[in-house]
Amino acid sequence: MSEFEFRSMPRQDTAVVVVTTSTAKIGETMGEAYGKVFAALGKAGVAPAGPTMCKYTAFSSDSVTYEAGVPVATRFVGDGEVVGSDVGGCVAAVGTHVGPYDQLAQTYGRMQGWLEGQGKTPSAVMWESYLDDPDETAPSELRTEIYWPAEEE
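Predicted model, so just to flag it, every value in this text is computed and none were measured. (Residues numbered from 1 in each chain as written. Predicted model: local features only at pLDDT ≥ 70, side-chain atom pairs only at ≥ 80, totals over all residues. Heavy atoms only, no water.)

### Focus on the side chain of E145
Put simply, the rule reads: Under the DSSP-based scheme used, a helix requires at least four consecutive residues in state H or I and a strand at least two consecutive residues in state E, with every element numbered from the N terminus. Polar contacts here mean pairs of N or O atoms no more than 3.5 Å apart (in protein, one a potential hydrogen donor and the other a potential acceptor; neighbouring residues in sequence count only if both atoms are side-chain atoms). Whether two residues touch is decided by their heavy atoms; if any such pair falls within 4.5 Å, the residues are in contact.
For E145, the location among the structural elements is in strand β9 (residues 143–152). Polar contacts involving the side chain of E145 include one to the side chain of Y147, which spans 2.4 Å. For E145, the contacting residues outside a window of four places in its chain are R7, V94, G95, T96, W127, E128, S129 and L131.

### Some points on the pattern of salt bridges
In plain terms, the rule: What makes a salt bridge here is a side-chain nitrogen of Lys or Arg within 4 Å of a carboxyl oxygen of Asp or Glu, nothing more. Only protein chains enter the accessibility calculation, which uses a 1.4 Å probe. A residue is then buried if its area is under 20% of the maximum for its type, exposed if over 50%, and partly exposed in between.
In the structure shown here, the tally under the stated rule is 8 salt bridges. Of the charged contacts, one joins K36 and E81 as a salt bridge, the two residues approaching to 3.0 Å between their closest N and O atoms. Residue K36 is found in helix α1 (residues 26–44), and its partner E81 is found in the loop between β4 (64–71) and β5 (82–87); the two are separated by 45 residues along the sequence. Between E67 and K55 there is a salt bridge, with its nearest N and O atoms 3.9 Å apart. With a gap of 12 residues between them, E67 in strand β4 and K55 in strand β3 (residues 53–59) connect regions that are remote in the sequence. For K55, a relative accessible area of 14% translates into the label buried. The network of salt bridges with common partners includes E5, R7 and E145.

### Points about helix α2 (residues 104–117)
Residues that lie three or four places apart on an α-helix share one face, since the helix turns once every 3.6 residues. Under the convention used in this document: A helix is expected to reach a length of 1.5 Å times the quantity of its residues less one.
Counted at 1.5 Å a residue, the expected span for α2 with its 14 residues is 20 Å, and the 20 Å between its end C-alpha atoms agrees. The positive-phi residue at the C-terminal boundary of α2 is G119, with phi of around 75 degrees.

### Concerning the environment of G99
Topologically, G99 is positioned in the loop between β6 (90–98) and α2. Overall, the relative accessible area of 1% leaves G99 in the buried class. G99 sits 42 residues away from E141 along the chain, and the two C-alpha atoms are 5.3 Å apart. For G99, the residues in contact, after removing those within four places along its chain, are P139, S140 and L142.

This is the structure in structure tokens:
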């Protein structure tokens with residue numbers, strides 16, 4: 001059995017902060033973004049509908065743009081930097097990375113090879129769901145679910 005599979009992912013509304021930063025500052029800026037999202041949701045009386053997530057939308061040699069936030073049950077109108085977005089509405093390759101966040105690239109590399117072996121071209125957009133709290137879980141045990149849409153070659 002492969003460590004990856006295809007799943008039909010329903011569209012899911014999210015509340016996010018859009019961030020562009022260097023790859024070295026992803027963790028630092030992501031934590032700040034989550035703080036803003038949770039503050040805006042609290043002010044709006046909206047509860048998260050799942051674990052924190054991050055949707056990567058653009059990469060270059062020196063920067064990355066991503067949406068850090070949480071799923072919500074209904075479309076989030078927005079509040080300053082915190083805006084409504086979505087993930088899903090597609091078929092995606094799905095796999096679970098277990099281990100430190102700084103080793104996610106290894107799982108992405110294996111997933112890309114698997115997708116290409118399936119005759120698929122990986123999308124430029126992918127997202128992750130963080131299933132464990134890094135303040136309460138050892139780095140070696142952190143689980144990150146990766147979703148990577150792909151198209152036929």
